[in-house]
Amino acid sequence: MLEKAFEGGKKYWAWLFFLGALSAVGVYYYIQQFQFGLGLTGMNRDVSWGLYIGQFTFLVGVAASAVMLVIPYYLHDFKKFGKIVILGEFLAISAVTMCILFIFVDMGQPMRIMNVILHPTPNSVMFWDSVVLSGYLAINALVGWVTLSADRKGVPPPKWIKFFIYLSIPWAVSIHTVTAFLYSGLPARHFWLSAVMAARFLASAFAAGPALLIILALIVRKISKFDPGKEAIQAIGKIVAYAMFANVFLLGLEFFTAFYSGIPGHAASFLYLYVGLEGHTELVPLMWTSTILAIVALLLLVFPAARKKEGLLAFACLSLFISLWIDKGFGLIIGGFVPNPFEEVHPYWPTMPEALITLGVWAIGFLVLSMLYKIAISVRERTAGIEIEH
Amino acid sequence: MSMDRRQFLKIAGISSILGFGASVASATHTIWEPGLKPPQVEPNPDGLIAKRWAMVVDMSKFKTDEDIKKVTTACHQTHNVPDFRNPDGTVDKKFEIKWIWEEPFGRTFPGSENKFMSEHIKDMPFIVLCNHCDNPPCVRVCPTQATFKLPNGITMQDMHRCIGCRFCMAACPYGARSFNWTDPRKAINPATENKAYPTRTKGVVEKCTFCTERLQFGKIPACVEAAPKGAMFFGDIEDPNSEVRKIVTSQLTIRRKPELGTGPAVYYVIGGSDHA
Amino acid sequence: MKLYDGGKILIGLMVFVGIATFPFYYNIGKVDTKPELKTDTPAIQAWEKQYGKKECVESKEYMRSEHMQLLNNWRDSVVRDMNRQYVSMTSGKKFNMSLQNGCLNCHSNKKQFCDQCHNYMAVKPYCFDCHIQPMEKEENKS
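Residues numbered from 1 in each chain as written. Chains lettered and ligands numbered in written order. Predicted model: local features only at pLDDT ≥ 70, side-chain atom pairs only at ≥ 80, totals over all residues.

A. Structural view of the overall build of chain B. Helix and strand counts for chain B come out as nine helices and 11 strands. Looking at the 276 residues of chain B, the share that counts as buried comes to 42%. For chain B, restricting intrachain contacts to residue pairs at least 6 apart in sequence, the fraction spanning at least 24 positions comes to 66%. (Helix = DSSP H or I, 4+ residues; strand = E, 2+ residues; numbered from the N terminus. Buried ≥ 20, exposed ≤ 12 C-beta atoms within 10 Å, placed from the backbone. Contact = placed C-beta atoms within 7 Å.)

Okay, here's the thing in structure tokens:
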């Protein structure tokens, strides 16, 4: 089946070449960073995590969101998702790949990565995160491959795979919960020390991931003969709308506790992000962009008339994706470090090499995604019109 | 880390399952014994020992800025802490590494300031360093046990094992940890470096170790040695006859952010009377 | 017999042979004489005078083959178990477990003692990224 990834037209190869070139730029700057040290980034003593860890956090959510297709299809027998579920699983594989790469480029001593296995430490959330992430990658690769191979042969997938499909559901929840625990268990970071952190992570994940999937499904339909299904896309649109409302609600809860309690430490990070603190307003425009995009997306998603127009739906999904990318992939991490434990404000902004390494990782992720989708599309085009019971 | 045969076999077993069998198998060479145990190794007989090391700092005994500078410089020179500077001579905040330094009262004890407080206290500098907590969040989060508790209460940092994930920096409530954003030797003068202590490499986290390496040779921490008389005390707080214990028992001392439950082992005397 | 895609196969083979033999031509012209390690530093000579023989913490053969494991163990024992002294299995003498303040006190000729052999074996231990090496005169360079 793998050979399908290497059979394609000129446009397909041009796209792969373009992504390859972007990854090469990223690799080039990563080598620079490897030689000089992480000082090549904008991070410093006070803001010691930045864009890399932000992207990692955001993409764990995208990976986990595959479960929003798996649950309706496999638990509720929602047949309309039959064709699209593979796109969700392959998106998860690509997202987890990016997560692992982002952790790797963020490490000060990447050559010592095996220390995590040589000295396993169950009290560290980071240790569990590496366990659940690699497990999730394996489960999705297995499930995606086995079901797609069965489809190609026109037979139902083997019974034993059901076990892994069901396992993937709690596992998806676990990867994002554990990722939230990286933050929500730290005693002196008021901004992160919140019990709703994991819930908020899941809500934003189940909005951003499926939003990206809608965009991808629309692109797939446009450039190939594989139609993931109009109803399926509309159904995902509803999932995105609900999840985004849950996310905004949870964010509202954070605001209430921070400001009504009147505890200065709880409000400080919110003030820094949305209005500026001690004269530092670096992130304010970004956070309001995120807010406005979120409002636009919600307005378009909540009215069925707007949501049913696929152009508007795509626009809403794109706005929502960018909004959450800013909020979770950047603001959430930086906000936790500002102000610092001395209640001083030290700003952070990514450097050009840092941004290009980040872009390079995304390019590698999309390279993996494009090749996996190419395989899925090839199989689906051959079996077009044949519904297979999973 | 000391490892007995059973532990080693367990880890080797797990590793081989994970596909690292080859590398582990080649390491199980006949003479290779994981970990050294007494009597093959022993502590230095001259070493200072304690049940629980602790420090008391009395800022009123520091009369001038020079007094404070002496303390921080003593530490940073002893441990080859790099001194990154901007072209104009100011501290380069981006690369800055520090083990012990000064902060004003309000920064040291956030939320303790009030409007009517005397200017004297408000402006008073405080010496801050790693608190060697009873229950340190940095140790809890470290994925490789590169930072860990010694039986004598010191929160130790194994710079050999650190992978540079910086989780400990996010976890520390006291901003006590620094990361090597680039090779620190760029900012260490070979003429004045301490030839008896290593530097660090890029990509690892470092911090105060309560001078573990000096204690083991019978010396008290470099900062305490350089401090004015009666300004800094170091000793076994579990020992009722130690100076630190006597001060903490007899006077009002405060610790940084005690409400977090970390149990800091650095106590600050605010009153400023004579002791010991 | 016809070779399908013969051109591609040949190019592939050439690339493979090129990569597989890379280590050989990469090392062409590099020194391959066996290193002779010098153990005649002032500290070692002083030791010889005092004890009547040259000796390290363990036998020469053990040190040659196991010094990396020994140093690894020392490192963990010092940093993590608060031990500082090593009791020799060979002589029973006690040694300060330290690379910088132990080994290099005697072997102050790091360039001749450590580097020569490491270069010959093409290994790059990162010990000296952190541990400060003794000052050596430039003329020691071989």
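B. Representation of the overall build of chain A within the structure. Looking only at helices and strands, one finds 14 helices and zero strands in chain A. Walking chain A from its N terminus toward its C terminus, one meets helices and strands in the order α-α-α-α-α-α-α-α-α-α-α-α-α-α. The buried share of chain A, taken over its 390 residues, is 47%. The contacts in chain A between residues at least 6 apart in sequence include a share of 80% that link residues at least 24 apart.

C. Unusual backbone geometry, seen in detail. All names here are of chain A. The omega torsion across Val338 and Pro339 is 0°, close enough to zero to call that bond cis. Of note, Pro339 is situated in the loop between α13 (310-337) and α14 (352-382). A positive phi is found at Asp77, a non-glycine position, where the angle reads about 55°. Here Asp77 lies in the loop between α3 (67-75) and α4 (85-106). On the basis of neighbour counts, which here come to 9 C-beta atoms within 10 Å, the residue Asp77 falls in the exposed class.

D. Spatial organisation of the sheet that holds strand β1 (residues 85-87) of chain C. Taken in spatial order, the three strands line up as β1(B)-β1(C)-β2(C) in an open sheet, and their pairing is antiparallel. The open sheet has two edge strands, β1 (41-42) of chain B together with β2 (94-96) of chain C, and neither has a second partner. In terms of strand pairing, β1(B) meets β1(C) through two bridges, oriented antiparallel. Within β1(C), the residue paired with Val41(B) across the bridge is Tyr86(C). (Pairing = 2+ DSSP bridges.)

E. Seen up close, the sheet that holds strand β10 (residues 253-254) of chain B. All names here are of chain B. If you walk across this open sheet you meet the four strands as β9-β2-β11-β10, and the pairing is mixed. Of all the strands in the sheet, the pair left with one neighbour each is β9 (232-236) and β10. Where β10 meets strand β11 (residues 266-269), two bridges bridge the pair, whose relative direction is antiparallel. Across the sheet, the residue bridging to Ile254 is Tyr268, located in β11.

F. Region of interest: the interface of chain C and chain B. Taken residue by residue, the interface counts 23 residues in chain C and 25 residues in chain B. By residue class, the composition of the side of chain C that touches chain B is eight nonpolar, eight polar and seven charged. (Nonpolar A, V, L, I, M, F, W, Y, C, P; charged D, E, K, R; others polar.)

G. Quick look at the interface of chain A and chain B. In this complex, chain A contributes 33 residues to the contact, which on the side of chain B involves 41 residues. For the side of chain A that touches chain B, the secondary-structure elements that each account for two or more residues are α5 (115-118) and α6 (125-153) of chain A. Split by residue class, the side of chain A that touches chain B holds 15 nonpolar, 13 polar and five charged.

H. The arrangement of helix α6 (residues 110-121) of chain C in detail. Compared with the 16 Å implied by 1.5 Å per residue over 12 residues, the 16 Å span of α6(C) between its first and last C-alpha is a close match. Phi for Ala122(C), located one or two positions after α6(C), is positive at around 55°. (Expected span 1.5 Å × (residues − 1).)

I. Representation of the environment of Glu7(A) in the model. Residues and elements named next belong to chain A. The topology assignment puts Glu7 in the segment before α1 (10-36). On the basis of neighbour count, Glu7 is assigned to the exposed category, with 10 C-beta atoms found within 10 Å. Between the C-alpha atoms of Glu7 and Ser378, which are 371 residues apart in sequence, the distance is 9.3 Å.

J. Quick look at α6(A). If you check α6(A), its first and last C-alpha atoms are 42 Å apart, about what 29 residues at 1.5 Å a residue would give, namely 42 Å. Where α6(A) terminates, the next one or two residues include Gly154(A), which has phi positive at roughly 75°.

K. Quick peek at the packing of α1(A) against α14(A). All names here are of chain A. Axis separation between α1 and α14 bottoms out at 7 Å; the angle between their running directions is 145°. In this structure, α1 crosses over α14, and the sense of that crossing is left-handed. Among the residues making up the contact of α1 with α14, the classes are represented as 18 nonpolar, seven polar and one charged. (Axes fitted to C-alpha atoms, helices over the stretch in contact; angles between N-to-C directions. Left-handed = near helix turned anticlockwise from the far one by under 90°.)

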